[in-house]
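Chain and residue survey
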Amino acid sequence: MCNEELCLRPLKSRFFLLPFMLLGLGVFTAVIPLAGGPAFAQDQQQQQPAQAPTQQTEQQQPANGLMDAAVADLNKAKKAYESLQVAAKQATLDDETLVALSGQVDDLNRTVTAISTRLKPRTAEIDARLTQLGAAPKEGQPPEAPIVTQERDRLNAERSQISAVILDADNLTAETNRLSMQFVEMRRKLFAETLFKRTEISGTTFDDAGAALVDEGVKFSTAVASWIGFVLKAKLASLLAAVLLSVGAALIFLSGGYRLFRQYYVQDETIENPPYISRLSVAFWSTLIRTLSLAAFLVTSFFFLSSFNVLRPDISPILAAVFGFIGLVYFVGRLSNAVFAPFRPHWRLVKLSNKGAHSLTWCLQAMAVVNGLDYVFDRISESMGSPVVVTVAKSFLAALLIGLILIAASFGSPMLARNGDPDAPGRRWPHGMAIILRVLGILVIFTSFIGYVGLARFMATQMIVTSAVIATMYLGFQLGKAVSKQGVFAETIIGRFLENRFQLREVALDQGGLAAGLATYAVALLTGIPLILLSWGFHIQDLELIAYRLFTEIKIGNISISLLGICVGILLFAGGYLVTRWFQRWLDSNVMARGQVDLGVRNSVKTGIGYLGIAVASIIAISAAGIDLSSLALVASALSVGIGFGLQNIVSNFVSGLILLVERPFKVGDWIVSGTSEGIVKRISVRATEIETFRKQSIIVPNSELINASVGNWTHRNRLARSEIPVSVSYDADPQKVMDILLELVRSIPKVLRNPEPHVEFLRFGPSSLDFEMRFYLSDLSDGMEIRNSLRIEILKRFKADGISIPYPHQELHIVRDGRRGSQSDVMADALTDSADGPEVEDDLTDGPALPAEDSVPAAKGAGRRRGRTAAE
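Everything numeric here is computed off the predicted structure, so don't read it as measured data.

Attention now goes to the packing of aromatic side chains. All chains considered together, the criterion is met by twelve aromatic pairs. For the ring pair Phe302 and Phe323, a centre distance of 6.4 Å and an interplane angle of 80 degrees mean the geometry is edge-to-face. Taken together, the positions of Phe302 in helix α8 (residues 276–307) and Phe323 in helix α9 (residues 316–340) put the pair 21 residues apart, joining distant regions of the chain. Comparing Phe302 with Phe323, the two get one shared label, buried. For the ring pair Trp671 and Trp714, a centre distance of 5.6 Å and an interplane angle of 35 degrees mean the geometry is tilted. Highlighted residues: Trp671 in strand β3 (residues 671–674) and Trp714 in the loop between β7 (712–713) and β8 (721–729), separated in sequence by 43 residues. On the basis of relative accessibility, which here comes to 46%, the residue Trp714 falls in the partly exposed class. Clustering of aromatic rings is evident, with ring pairs tying together Phe206, Phe396 and Phe449.

A few words on helix α12 (residues 431–449). Relative to the 27 Å expected for 19 residues at 1.5 Å per residue, α12 spans 27 Å between its end C-alpha atoms, a close match to the ideal helical length. Where α12 is concerned, the buried positions are Ala434, Leu437, Gly441, Val444, Ile445, Thr447 and Ser448. Those residues of α12 that are buried are in contact with α11 (388–410) and α13 (453–484).

A separate point is the sheet that holds β3. An order of β6-β5-β4-β3-β7 is seen for the five strands of this open sheet, with the pairing classed as antiparallel. The open sheet is flanked by β6 (698–702) and β7, the only strands paired with a single partner. Sheet topology note: the β3/β7 ladder contains two bridges and is antiparallel. Bridge pairing in β7 places Val673 opposite Gly712.

If you look at the biggest cluster of nonpolar residues, it comprises 52 residues, and the most contacted ones within it are Ile402 and Leu475. Elements supplying a minimum of two residues to this core: α5 (146–195), α8, α9, α10 (354–384), α11, α12, α13 and α15 (506–535). Top contributing element to this core by residue count: α13, with 15 residues. Among residues more than four places away in sequence, those in contact with Ile402 are Met367, Val370, Arg457, Ala460 and Ile464. Residues Ala70, Tyr81, Ala88 and Leu133 belong to the second largest nonpolar core, which totals 28 residues.

Interaxial distance between α10 and α13 falls to 10 Å at its minimum, and their mutual angle equals 130 degrees. Taken as axis vectors, α10 and α13 run oblique relative to one another. In the packing of α10 onto α13, the handedness of the crossing is left-handed. Contact residues: Met367, Ala368, Asn371, Asp374 and Tyr375 in α10; Arg457, Thr461, Ile464 and Val465 in α13.

What counts, and at which threshold
- Residues numbered from 1 in each chain as written.
- Predicted model: local features only at pLDDT ≥ 70, side-chain atom pairs only at ≥ 80, totals over all residues.
- Heavy atoms only, no water.
- Phe/Tyr/Trp six-rings, centres within 6.5 Å; stacked < 30°, edge-to-face > 60°.
- Helix = DSSP H or I, 4+ residues; strand = E, 2+ residues; numbered from the N terminus.
- Buried < 20%, exposed > 50% of the residue type's maximum accessible area, 1.4 Å probe, protein only.
- Expected span 1.5 Å × (residues − 1).
- Contact = heavy atoms within 4.5 Å.
- Pairing = 2+ DSSP bridges.
- Core = buried A, V, L, I, M, F, W, Y, C linked by side-chain atoms within 4.5 Å.
- Axes fitted to C-alpha atoms, helices over the stretch in contact; angles between N-to-C directions.
- Parallel < 35°, antiparallel > 145°, perpendicular 65-115°, else oblique.
- Left-handed = near helix turned anticlockwise from the far one by under 90°.

Dropping the structure here:
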């Protein structure tokens, strides 16, 4: 068991770290990966000497050089492990020493793991070589060459040595893991013993503390005076340089942050009724940004003073505690002012009266001041070497004051009046809330009186620090939730700026709001979780180790996942995708367009390059993410049967799409006919082809149907096509003249090809016309409709000018009288003829004499009357 002062020292140092780390807030959150950087760099430096021999042995030295380097590194690791075991047996270890030892154990574990990792590729090479050599011949088989036997024996011996080294390294890795868990258990026990250590509280305790406090005051005043004299005499230039740099840091962080982000977190007094999202945004960002600015200023100021050797070892921790006190008080004050808004009730987030907002703000700031001063006094006592009874007395008084403040706050009336007037007297706390505050205050005071001063101070600290951090995180979550709602982001300052700057539409702004909400969640988590972990006993190096393992190695069973590798893989895939798209555009606009390559060929090349680039980017990203592609082969082979049956149509369309892109029976822009579909090909993908009809209807046809069915392509080889115009004239016209006119007109069109030569075909003798057809060829069939229309107009004009008529279809009616029955029956022969463009129709002439004209009319009328009566009956 440790003595009383050694036991309380880890707790005091942790209490000191809380406000000092709290003033860092997001800065220390950002420092975690940065601090992880040196650890990572240190790990890399430790691994590089081990990896450098590996590269040399692979390129310049024989294989035994790799084994020698691995064995030497393993022996060094064993010696380091033995020294750590000896250090773990010491009984007077404090928390700082245990944290340092834990970091050394973790570095040792990674070093040993690297030894095994760099030996495994050599094992794979040996196995592959042994597979090539084959098994040794059995009895009765022809003997093999002696050189083969020697090679096999040498490889087997080397493999046995490597296996022994890897097994030894794996055993050492397991031992280091157990040692790491032992250090964690020792830290947990030390923290519990310190937290629950009981100290006798009596009048004698305070008498001894008072006497020791007087001596501490004298020592502290003497130390400060001597330090000031030392600085003025020997370090004045360094002090001025550090102060000048600190002033510059203040201008950068405080003034610069205010100028840059003022519009996002300053409460505008001219707004009478600000919306809820504006109040949330101002509360969260004003607390976070201002605290970050002050924290950055304090950290850089302390760094400059330390770098210029202005601070002595006894003054440095005291100044750090003062800076931590300033950061803690400022953070709590900013948060209470942002949430309670005692001077601006219209910006208030909770329903409090003006008097209640003022009183709660003062209570929170008073508890923060008491807590911060206790940290400063603890650091002074430790630096001056004061007895632990002084720390106990100070912590007792601090816990007592915080408990009394909580009890006094529970009897207040801070709630908003029922009429909603903030100036009216407020209502009391809800019954449950008042009871909670009183119980907490009484619990802190009672715990202090029974001697558990450390536990009481820890409880009081968590009420202030953890509650403030959780309140800030809650504001961030509520802000992110509000920003993510549909249509809200467009009404914010950033949303209006983006809308005006980039002309974003409603959908894009909603997507931006979702991204902004997720980013707000991330900021709240990354700033809040590390601070809460620090306040509950974690060390900075613990957070560095957690961050390193989170980003480099997450083990799920036998699978190791690296978030950093996944992020790198995502970035590589995104980069490959962007490069592919850029290369597609560059190749299309600078190479194929200048070469006047056909549009369909350009589309096929672009599509093929796109699929190839995405495939390559995916392979690179998967490899960078640390996913073994060979392990996916087994899964792919197991799923191939199911894919073949369940997704055969999709696979068929996919393969058909690849065939269409490679074979190119048609391309984008072609006029095709497939079944009932006819139109222009607009897009060819790996699953389906989009065809746009002439009525602007898009038809999606699966690629397998286009492969397995007959497809007509009007523009397969070229766009050359024949066009026809049927023409009919009367029997009175001269056929040769008609043909000459038609040829003259068609030859006058520039777009009509001269080879093949246009010609006119005399088709038939129609029932009422002479039928011709003008045939000519066009280089682009898309010009056919325009040319045919203009030709028809010119033909009509020319025929009118030359007196050539176009006949109309006519009917002939023949009425035959049936003399045997003494009645008339009318028979109409089919003498209908279509237009001159239509098919031929032959007349069926009825046999028998024709009726006179004068008899035909009455007979027709009588027959009509009989048919009318019959229909009526």
